[in-house]
Amino acid sequence: MRRNQVRALQRKLYRAAKQSLGRRFGALYDKIYREDVLWEAWKRVRANAGGPGIDEEDFETIENEIGVEKFLRELRDELREQRYRPLPVRRRWIDKPGKPEKRPLGIPAIRDRVCERATKIVIEPLFEANFLPCSHGFRPKRGQHGAIREIRNELTFRGKRIVIDADIRNCYGSIVQKILMRLVARRISDPRVLKLIRGWLEAGIMDDGQYIESDGVGTPQGGVLSPLLSNIYLHSFDKMFHLSGIPGKLVRFADDFVILLHGNGKRVLEKVRQMLGRLGLELHPEKTQIVRAENGFDFLGVHFRLAPVRKKNAKLTHTCRSWPSDRSIKRLHGRVQEVIGRRYFLSLEDMIQRVNRTLRGWHNYHSPVATDRKRLRKLNEYVRQRFRIFLKRKYSDRSRGSSPTICWSGWDCSSSRDCGPSTTTVTDKPTVKVVGKPYRGKPDVRFDEGANGSAREAGHPLQVLKGHWRAKDLVERRGGRIHQTNPACTMALLSQNRSNSSTISRILRLRIGQRWPGDGMPKWEVIFARSLSSPDAGL
């Protein structure tokens, strides 16, 4: 109910702002401390989680000791009586992926985050009515996928061949606060709201116990309101480019942007430098370049390249092809390695679920991008190797987990990517008997060694079965027994059908933890499957 009321308020403000693009709005302060607005702001801040500010007040303290209702009631009283004063931002330095330098991250107190979110809920519709379609970053119902589609359409159907790939140096830290407040005042005339925003800009920073006073430049990177303020600031650049008459297409995501042109790249780049100079900003010399679309460029983690169409008698001579960039794949490698880490106390099922969340998120981001089989095969091999290393160290195995690997079809897959004839087939394994029947409530079913073979003859203590036509399972031997692992451990990323055109797509989705369709019973394929003749085996 509260959420519907908040949306109704935002729609009303947006329609009023859209009808008159030059209107200044007053009497907005009372809407910020409305009960439904503060509750919606709390829910969004709580969903984003995050650490505490300089007051060391975290979410658990608010929920368990203070109480959410009391916390919001006190904040509402402070805002209504104009006693609210923001606290300095807690600064933390985080690593930039693949770079030695660090990036400053501002962490406001939770009470400041809630207040900033409530202010953003009220004022964002007013500025959204003015923002141009070329801006895609940190805006409702817009994102990276829209920017990617726009670039591909411009290169494929508009014949643009020259690309200016640019990045603004230290954008958040170079915003002039006086210019920013003048731009905000073009839409907001309520002095109480302007005072509130100015207070967050001038709150200062607490860095390692030392207070750093604001010098009138920059917005705290990491604040809830900072993305909206940066879009308000860079909207002036979007408008200057639009009014300049440059025959090109601007696609901007926060402080990164590309300009697609037919020619005259150097002249346009010089004009862009002058436009940004009027705002006190400058381009990063190392990240700004002029390239031809045929040579390719990276933007938003995607590599774009204009390539000729191979189909005969096609209407188009060239088309824009795109795939995940090398930097994006490298960052994913580091993330997978970080997730696995040295957490050998976790079970294989838990580790697979952790890696799945990372890989699925990466795949969903790159879902509108065409797949490159060669790159994704390497990515698949990297994930498999990390799991092998994890299992090797978890069970103190001397090898790298790459001992002779037996496919369900009886082929030895350890020496080559493709299956080949093996000297040891599945039927050569000892006869075994089933100790228990697998089902949903009891997935860990043990297979005892048969009378005509020992546990050592059953193969390597840690074997990863790798099949190409059905899902394989991970089999481990400990204490003289062969254990069939939980069906949730079925790692289909290593066993996709290579004849299917959607192989690589399904590899990235990692159907780990999913059951096979049918009668509800998982279809297992273990190293002893060919030797089992009992109808109660559950296979």
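All values reported here derive from a predicted model rather than from experimental measurement.

Caption draft 1: Representation of the layout of surface pockets within the structure. The calculated volume of the second largest pocket comes to roughly 730 Å³. Around the second largest pocket sit 19 residues that line it, and Gln10, Glu124, Glu128, Pro140 and Lys141 are the ones nearest its centre. Among the secondary structure elements, those contributing two or more residues to the lining of the second largest pocket are α1 (2–19) and α6 (110–128). With six residues, the top contributor of residues to the lining of the second largest pocket is α1. In terms of residue class, the lining of the second largest pocket is built from six nonpolar, one polar and 12 charged.

Caption draft 2: Quick peek at the sheet that holds strand β11 (residues 318–324). Pairing is antiparallel across the open sheet formed by three strands, whose spatial order is β9-β10-β11. Strands at the two margins of the open sheet, each flanked by one partner only, are β9 (297–299) and β11. Each strand of the sheet is rotated relative to its neighbour by a mean of 35°, with strand direction disregarded. The pairing of strand β10 (residues 302–308) with β11 spans seven bridges and is classified as antiparallel. The residue bridging Ala307 from the neighbouring strand is Thr319, located in β11. Sheet strands in contact with helix α7 (residues 144–157) are β9, β10 and β11, and its direction is about 150° off that of β11.

Caption draft 3: View of the packing of aromatic side chains. Applying the stated rule across the entire model yields eight aromatic pairs. Measuring from centroid to centroid gives 5.8 Å for Trp42 and Phe71, while their planes differ by 55°, and the two rings are tilted. Of this pair, Trp42 sits in helix α3 (residues 35–48) while Phe71 sits in helix α5 (residues 68–80), and the two are 29 residues apart along the sequence. With relative accessibility at 5%, the residue Trp42 sits in the buried group. Of the residues examined, Phe71 reaches a relative accessible area of 7% and is grouped as buried. An aromatic cluster of at least three residues, connected via ring pairs, comprises Trp42, Phe59 and Phe71.

Caption draft 4: Quick peek at the packing of helix α13 (residues 326–340) against helix α15 (residues 373–394). Running from N to C, α13 and α15 cross one another at 15°; their axes reach a closest spacing of 11 Å. Taken together, α13 and α15 sit at an angle that is classed as roughly parallel. Along this stretch, α13 crosses α15, giving a crossing that reads as right-handed. Residue-level contacts link Asp326, Ile329, Leu332, His333, Val336, Gln337 and Ile340 of α13 to Arg375, Leu379, Tyr382, Arg386 and Phe390 of α15.

Caption draft 5: Structural detail: the sheet that holds strand β5 (residues 210–212). If you walk across this open sheet you meet the four strands as β2-β1-β4-β5, and the pairing is mixed. Among the strands making up the open sheet, the edge pair consists of β2 (102–107) and β5. Within this sheet the neighbouring strands show an average axis-to-axis angle of 40°, counted without direction. Note that strand β1 (residues 89–95) and strand β4 (residues 205–207) share two bridges and pair parallel.

Caption draft 6: Geometry of the nonpolar core. In terms of nonpolar packing, the biggest core is built from 76 residues, with Trp42, Leu79, Ile197 and Phe257 touching the most fellow members. Non-local contacts of Leu79, meaning those with residues more than four positions away in its chain, are made with Tyr29, Ile32, Tyr33, Leu38, Tyr84, Cys115 and Leu196. Judged by nonpolar contacts, the second largest core, of 21 residues, contains Val163, Leu260, Phe297 and Leu300.

Caption draft 7: Inspection of α1 at higher detail. Spanning 18 residues, α1 covers 26 Å between terminal C-alpha atoms, matching the ideal 26 Å at 1.5 Å per step. Along α1, the residues classified as buried are Val6, Leu9, Gln10, Leu13, Ala16 and Ala17. The buried residues of α1 occupy one face: seen down the axis, they fall within an arc of 130°. The exposed set on the far side of α1, more than 90 degrees from its buried face, consists of Asn4, Lys12 and Gln19. Buried positions along α1 lie against α2 (29–32), α3 and α6.

What counts and how
Residues numbered from 1 in each chain as written. Predicted model: local features only at pLDDT ≥ 70, side-chain atom pairs only at ≥ 80, totals over all residues. Heavy atoms only, no water. 1 Å grid on protein atoms, 1.4 Å probe; cavity = no way out; pocket = protein on both sides within 12 Å on 5 of 7 lines; lining within 4 Å. Points joined across faces, edges and corners; volume = space filled by probe spheres on them. Helix = DSSP H or I, 4+ residues; strand = E, 2+ residues; numbered from the N terminus. Nonpolar A, V, L, I, M, F, W, Y, C, P; charged D, E, K, R; others polar. Pairing = 2+ DSSP bridges. Axes fitted to C-alpha atoms, helices over the stretch in contact; angles between N-to-C directions. Contact = heavy atoms within 4.5 Å. Phe/Tyr/Trp six-rings, centres within 6.5 Å; stacked < 30°, edge-to-face > 60°. Buried < 20%, exposed > 50% of the residue type's maximum accessible area, 1.4 Å probe, protein only. Parallel < 35°, antiparallel > 145°, perpendicular 65-115°, else oblique. Left-handed = near helix turned anticlockwise from the far one by under 90°. Core = buried A, V, L, I, M, F, W, Y, C linked by side-chain atoms within 4.5 Å. Expected span 1.5 Å × (residues − 1). Arc of directions from axis to C-beta.

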